[in-house]
Amino acid sequence: MSTRTLSIAFALTAIGTHAHAAEPLQALDSAGLKQADPAVVELGHMLFFDPRLSGDASTACSDCHDPNYGWSDGSELARGYPGTKHWRNSQTVVNMGFMTEGFHWDSGLASLSDQVHDAMGAGFVANIDTVLAEERLRQIPEYVERFGSIWGEAPSQDKIADAIAAYEQSLISDDSPFDLHMSGQSNAMSAAALRGMALFDGKANCSSCHNGALISDQKFYNTSVPPNVGLSEEPLRQVTFRYLMRLKGLEPAVYEALDRDPGRYLATQNPDDLGMFRTPPLRYLKYTAPYMHNGIFYSLDEVVEFYNIGGTQDVFGTKSPLIKPLGLTRDEKNDLVAFLESLSGSELTADVPALPDYEVQSFPASNLQITAASLKGGTALAPRKAVAEPAQSTGSLDLTPAVQTESSGLLVMAPKDAGATASAITVTVPAEPGTRVVTIGGQRFVTVQPGDTLGTLAKLIYGDGRQYQKLFNANRDKMSNPNALVTGMRLRVPD
Ligand code: HEC
Ligand code: HEC
């Protein structure tokens, strides 16, 4: 990652003499992040949205880090890889390029690339084996070409991680009213937000943890956030939570007694870290509700009220002494919320990229013939000899399809010359430009290819993955549930 230098002089003139106050994001040097090779960022953009980087090709990074939900997923606790459910709230990936002390609610991962490896491999996130991921991409010509032209090599797990990390580093939000104000633009913040800023640094004491250019000290505290009952009541979340605790090697006596997320303890197993979470950066909050490691609060009013009453009863014996009743008046609470709102700038949107299709890459990849003798070392590998093709049928076929128009939409082919035979019959029906949709007998169809999900097909066809339900409804006769896609299945495409 790039070197970042704090423009201390700039920050100090902007904030006066408060030791702890928040600083503008511009105080961090983003030049390095912005200089990333655009070809790498573009590739990372595609991979971030590509569900084929998960075991069953169902779950892309963007499913849990969706631009429409602040690059988080809008739910209290994240979904998980099918068959599991995550036990934590999905975090935004905006401004992640600036973080220096690690990633996740417990900072258990050191770099953005490490995080990609972890997310892809974790059984409850993308659950894909490295080699499988590489082989998938190596059967997609466009990826082969992009990896080749950037790095001169075939798609590899390391470069997948580098490309996705580069894409994440390009997601920068630094135009909040607060940032504009701190950069000298008068009138950027409302009077209420300015009063809230004074409370943030003063009476409410928020900046003892939320400070600096990230508005986070990137350190760990137990703020006594109450548990989310979703974790104790949903069997699949229990499964996933306990699975992870066992993977981390926690003693049965410990993990069977834990009724809530032990936070950083999971990463360090240091008892003093029980219930500790990393202070989150506070930019972009407008788009990332619900809040906290378990999504327990839906609004910033609730968050402020939580701090105002001094948090809740601590169970771990590690609660920060900085969390104590604040005695804020109603107006002060409103001002503080106005300040928190002023920390979000414009929404960072992204196109869902068109994902390239699979295509067999010259198989086998080598032109040398393997023989028993060559493998035993007796002879060198020799070029493969052409195998004689079976004689072609000379009968001419008229394959004009006889189509049963309305009923089932099935394509029935009847050779007109009943006496003729052929070894292979291929019929190509022209696809609509830009899609894989073909029209047969007035009805539109798409054929399922490896890697497709209803969501990716809906994105392709309607430009909107959320239309997958429409596709599902029109094909319920073939599918028991939206995940029951089978390669080769022909789906009806409603308008
Ligand atoms: C099934 C949902 C899911 C998927 C898929 C997923 N994530 Fe996440 N992501 C999460 C959750 C939940 C967290 C918080 C994890 C924790 O604290 O243990 C997270 C955390 C992160 C963070 C840390 C942010 C911070 O503030 O420290 C980054 C970066 C990230 N994910 C990127 C990715 C990338 C890249 C992919 C694809 C390779 C991906 N995620 C796939 C749910 C998901
Ligand atoms: C002792 C350090 C500390 C203090 C003081 C503190 N916070 Fe926090 N803040 C945290 C930590 C740690 C979390 C994450 C806790 C969790 O998820 O369990 C957090 C979470 C938040 C979140 C949720 C962010 C998200 O992305 O979900 C908001 C908003 C917030 N704090 C605002 C404030 C405000 C406003 C104040 C002052 C009234 C304040 N904090 C005081 C450490 C602190």
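Keep in mind that this is a model prediction, so the values were computed, not measured.

Definitions and cut-offs
- Residues numbered from 1 in each chain as written.
- Chains lettered and ligands numbered in written order.
- Predicted model: local features only at pLDDT ≥ 70, side-chain atom pairs only at ≥ 80, totals over all residues.
- Heavy atoms only, no water.
- Donors = N, O, S within 2.8 Å, 3.2 Å for Na, K, Ca; no water.
- Helix = DSSP H or I, 4+ residues; strand = E, 2+ residues; numbered from the N terminus.
- Salt bridge = Lys/Arg side-chain N within 4 Å of Asp/Glu carboxyl O.
- Buried < 20%, exposed > 50% of the residue type's maximum accessible area, 1.4 Å probe, protein only.
- Near = heavy atom within 4 Å.
- Polar contact = N/O pair within 3.5 Å; in protein donor to acceptor, adjacent residues only side chain to side chain.
- Nonpolar A, V, L, I, M, F, W, Y, C, P; charged D, E, K, R; others polar.

Draft legend 1. Region of interest: the coordination of the iron atom of ligand 1. There is one protein donor for the iron atom of ligand 1, namely H65 (NE2), at 2.0 Å. Note on placement: H65 falls in the loop between helix 4 (61-64) and helix 5 (112-121).

Draft legend 2. Region of the structure containing the pattern of salt bridges. Per the stated rule, a full pass over the model turns up 17 salt bridges. The closest approach of N and O atoms between E135 and R138, which form a salt bridge, is 3.8 Å. With E135 and R138 both in helix 6 (residues 130-138) and three residues apart, the pair spans about one turn of that helix. Overall, the relative accessible area of 27% leaves R138 in the partly exposed class. Connected through salt bridges with shared partners, the residues E42, E142 and R146 form a single ionic network.

Draft legend 3. Seen up close, the site of ligand 2. Taken together, 27 residues are adjacent to ligand 2, and C206, C209, H210, H293 and Y307 come closest. Within the side chain of H210, a nitrogen or oxygen atom sits 2.8 Å from a nitrogen atom of ligand 2. The side chain of Y307 places a nitrogen or oxygen atom 2.7 Å from a nitrogen atom of ligand 2. Those elements that provide at least two residues to the shell around ligand 2 are strand 2 (277-278) and helix 15 (300-308). For the shell around ligand 2, the class distribution of residues is 19 nonpolar, seven polar and one charged.

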